[in-house]
Amino acid sequence: MNYQIPNLVNTDTFVFRIGELSRMTGVSSRQLRYWEQREYISANTRDDQNKARVYDFHTFLQVSIIKKLQDEGYRLPAAVEKMRSIEKEILLARKFFKVAFNGVEVVEGKMYLNLGYFDKAKTQVLYGLYENGEASYEVRPANDNSN
DNA sequence: ATTCTTACA
DNA sequence: TGTAAGTA
């Protein structure tokens, strides 16, 4: 069997304050407050207006994407608009991987990602192999691969 | 130490 | 956007 890491892909509980998010993304705290004022991003609800802002992982991704697009030449409004569509793709990809990833299995010294059953009948398993920065796949029988 | 708002460059 | 001021 393979060990399932509890929060490998669960970043839902990650929270950061403005200084941390700033260092993580390279976006100044001034910008983060300004972007919030323009409703491009948002911090978790604050009971007290003078209380410190708390950002979640989702916002970290949004800020990272906007920053990347700005560096590529997009102006803030356009970067935000494009980020809105990109984040949907990222969200879908993360949801997919969260469900598809079934741990790692070592075969002949190589680490294979168990990506779940390949067919509806569950007779074959799809394995992903990461080598030299590239991904490749292998389909093997579901039963005779556990020892 | 860090963040907050406001205000001015 | 950066920065300074005066707080919390």
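Just so it is clear, the model here is predicted, and its values are computed rather than measured.

## Let's talk about unusual backbone geometry
Look at Glu 39: it is not a glycine, yet its phi comes out positive at around 65 degrees. Looking at Glu 39, the relative accessible area reads 67%, which means it is exposed.

## A word on the side chain of Glu 105
Along the chain, Glu 105 falls in strand β3 (residues 104–107). One buried charged residue, Glu 105, forms no salt bridge at all, with the nearest opposite charge on Arg 140 at 5.6 Å. Within polar-contact distance, the side chain of Glu 105 engages the side chain of Asn 114 at 2.9 Å.

## So, the protein's contact with DNA strand B
Surveying the vicinity of DNA strand B reveals the residues Arg 17, Ile 18, Gly 19, Arg 33, Arg 46, Gln 49, Asn 50, Lys 51, Ala 52 and Arg 53. One of the backbone N or O atoms of Gly 19 is found 2.7 Å from a phosphate oxygen in DNA strand B. A distance of 3.1 Å separates a phosphate oxygen of DNA strand B from a polar atom in the backbone of Gln 49.

## Thoughts on the environment of Tyr 137
In this structure, Tyr 137 sits in strand β6 (residues 134–141). Remark: the alpha-carbon pair of Tyr 137 and Tyr 127, spanning 10 residues in sequence, is separated by 5.6 Å. For Tyr 137, the residues in contact, after removing those within four places along its chain, are Leu 115, Leu 126, Tyr 127 and Gly 128.

The rules behind the values
Residues numbered from 1 in each chain as written. Chains lettered and ligands numbered in written order. Predicted model: local features only at pLDDT ≥ 70, side-chain atom pairs only at ≥ 80, totals over all residues. Heavy atoms only, no water. Buried < 20%, exposed > 50% of the residue type's maximum accessible area, 1.4 Å probe, protein only. Helix = DSSP H or I, 4+ residues; strand = E, 2+ residues; numbered from the N terminus. Lys, Arg positive; Asp, Glu negative; His and termini not counted. Salt bridge = Lys/Arg side-chain N within 4 Å of Asp/Glu carboxyl O. Polar contact = N/O pair within 3.5 Å; in protein donor to acceptor, adjacent residues only side chain to side chain. Near = heavy atom within 4 Å. Contact = heavy atoms within 4.5 Å.

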